[in-house]
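Chain residues, written in single-letter form:
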Amino acid sequence: MQTNLPDSFIATDRGQRANEILRSCVHCGFCNATCPTYQLSGDELDGPRGRIYLIKELFEGAQSPERVTQHLDRCLTCRACETTCPSGVAYGELADIARVQLGPHRPGMAGAMRRLLGWLVPNASRLRVLSQIGHYFKFLLPEPLAAQVPKSVTKGLTKNTTGAKQVLLLQGCAQQVTTGEVNETLQSLLGQLDVGVITAPSEGCCGSLDLHLGDEEKTLKAARNNVDAFFALLDQVDAIISTASGCGVTVKDYGRLLADDPIYADRAARVAAATVDVSEYLTSYASRLTPRFPGKRIAWHPPCSLQHGQQIEGSVEALLQGAGYELLPVRDAHLCCGSAGTYSVLQPQWSAQLRDNKLQALHQHQPDLIATANVGCHTHLAHGTNTPVMHWIELLT
Ligand code: SF4
Ligand code: SF4
């Protein structure tokens, strides 16, 4: 794609990178075919090719920020377009740069909701207290917020364990409050494999929520906090493990996010390199895993942050099948379920439609259980079905 970005913008690292990404797009439109929002609206500007064009015009000063904001806020950042793109266009990185340019603020109710989410979700203590209160006052909340109140409030890991090897497990903020049983199950499973689990006392939010809200300052602050927290423990552990793929994809990106920070760049890159998804870590233990629910038929939903963000495909399936489970075919497995961080609150209608479509696909062959790998997908899907939804780790012993 031809670009004509201002010299002053190209002189910055961010501008140079945006220019490189824009120029790598050849406008073929293959990405539109796998974009969930393009499929919903049929509007070119709600697909990746149109959004890339809008972003280019934004940087060139030829497009109103309001128009770009409207279509970029509808983007799930699922990155299915990246998986499809034959030219390797780094759409997610480009969207992040554009979001920083647009800033995190929005007028009216949307802005208030974004501020509330940015204050609440990345803080596990606040989230825990308000989730407990939310149980009693759910009927007073608007539907998109009421749907986020967890069915039960869970604790994070409270003790470290030891073994022949040791790993550092990310607690996550939403995960430890809404699906804390996932990490408890993993700690117990790893104990059977003689792997100890420790947590970092000063771990905070990974920064993914602020990244998607376009708040660069808070994103980098969160990343620096966790680099300090994790790096101090790095020589004690075999790996840093994430069970929430949405957190894992962001921690794996710390090297890029902090590349221009002379104090943090090296340590951030080492923390990112040491971070693996739990499916990557367990692959070497595959022969020792057994099913917790023998004979159950599973519909597997791979989160976008796992299959598109981390580009991990087939690992979970191999582990579950290796343990003896039957995995049912699920059509359109590449499509987002509509959770996408804060999307279910900020774009409730599209999010609900995507969830309905996803649940129809998952239910097609009448599964006993639905399995996934990220807290957002887990709770979002569970609110729309009576079929049990679990993290895939909970299916193993
Ligand atoms: S598939 Fe890639 S190269 Fe083609 S329009 Fe989409 S982003 Fe551009
Ligand atoms: S990230 Fe997802 S929703 Fe956004 S343009 Fe790409 S495919 Fe479409």
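Definitions and limits used
- Residues numbered from 1 in each chain as written.
- Chains lettered and ligands numbered in written order.
- Predicted model: local features only at pLDDT ≥ 70, side-chain atom pairs only at ≥ 80, totals over all residues.
- Heavy atoms only, no water.
- Helix = DSSP H or I, 4+ residues; strand = E, 2+ residues; numbered from the N terminus.
- Buried < 20%, exposed > 50% of the residue type's maximum accessible area, 1.4 Å probe, protein only.
- Domains from an automatic or database assignment.
- Contact = heavy atoms within 4.5 Å.
- Buried area = accessible area lost by both parts, 1.4 Å probe.
- Near = heavy atom within 4 Å.
- Nonpolar A, V, L, I, M, F, W, Y, C, P; charged D, E, K, R; others polar.
- Expected span 1.5 Å × (residues − 1).
- Pairing = 2+ DSSP bridges.

### Looking at unusual backbone geometry
For Q311, which is not glycine, the phi torsion reads 55 degrees and is therefore positive. Tracing the backbone shows Q311 in the loop between helix 19 (304-309) and helix 20 (315-322). Here A340, not a glycine, exhibits a phi torsion of approximately 50 degrees, which is positive. Looking at where A340 falls in the secondary structure, it is placed in the loop between strand 6 (326-327) and helix 21 (343-346). Residue classification places A340 among the partly exposed residues on the basis of a relative accessible area of 24%.

### Considerations on the domain arrangement of the protein
By the assigned domains, the protein splits into domain 1 (7-102) and domain 2 (288-395). Each of domain 1 and domain 2 has a C-alpha centre, and the two are 27 Å apart. In this assembly, 15 residues from domain 1 lie in contact with 16 residues from domain 2. On the domain 1 side of the contact with domain 2, L40, L76 and T83 bury the most area, a combined 41% of that side's loss.

### Quick notes on the site of ligand 1
Neighbouring ligand 1 are 13 residues, the closest being C25, C28, G29, C31 and C85. Each residue belonging to the shell around ligand 1 can be placed in one class, and the counts come to nine nonpolar, three polar and one charged.

### Here we look at helix 4 (residues 48-60)
When the terminal C-alpha atoms of helix 4 are compared, their 18 Å separation across 13 residues agrees well with the 18 Å that a helix rising 1.5 Å per residue should span. Across the 13 residues of helix 4, ten count as buried, placing the element largely inside the fold. Taken together, the buried positions of helix 4 are P48, G50, R51, I52, L54, I55, K56, E57, L58 and F59. Buried residues belonging to helix 4 abut helix 1 (7-10), helix 2 (13-24), helix 3 (36-41), helix 5 (65-73), helix 6 (80-84) and helix 7 (91-102). Positioned one or two residues after helix 4, G61 has a phi angle of 80 degrees, which is positive.

### Here's the deal with the site of ligand 2
For ligand 2, the full set of nearby residues is C35, P36, T37, P48, R51, C75, L76, T77, C78, R79, C81 and Y91. At the level of elements, helix 3 and helix 4 are the ones that each hand at least two residues to the shell around ligand 2. Looking at the shell around ligand 2 residue by residue, the classes come out as eight nonpolar, two polar and two charged.

### A word on the pairing of strand 3 (residues 239-242)
Consecutive side chains of a regular strand alternate in pointing toward one face of the sheet and then the other. Covered by surrounding structure in strand 3 are A239 and I241 together with I240 and S242, the residues of both alternating faces. Where strand 1 (residues 165-169) and strand 3 come together, three bridges link them in parallel fashion. Counted as the bridge partner of V167 is A239 from strand 3. Relative to strand 4 (residues 275-277), strand 3 runs parallel, the two sharing three bridges. Note on strand 4: the bridge partner recorded for I241 is V276.

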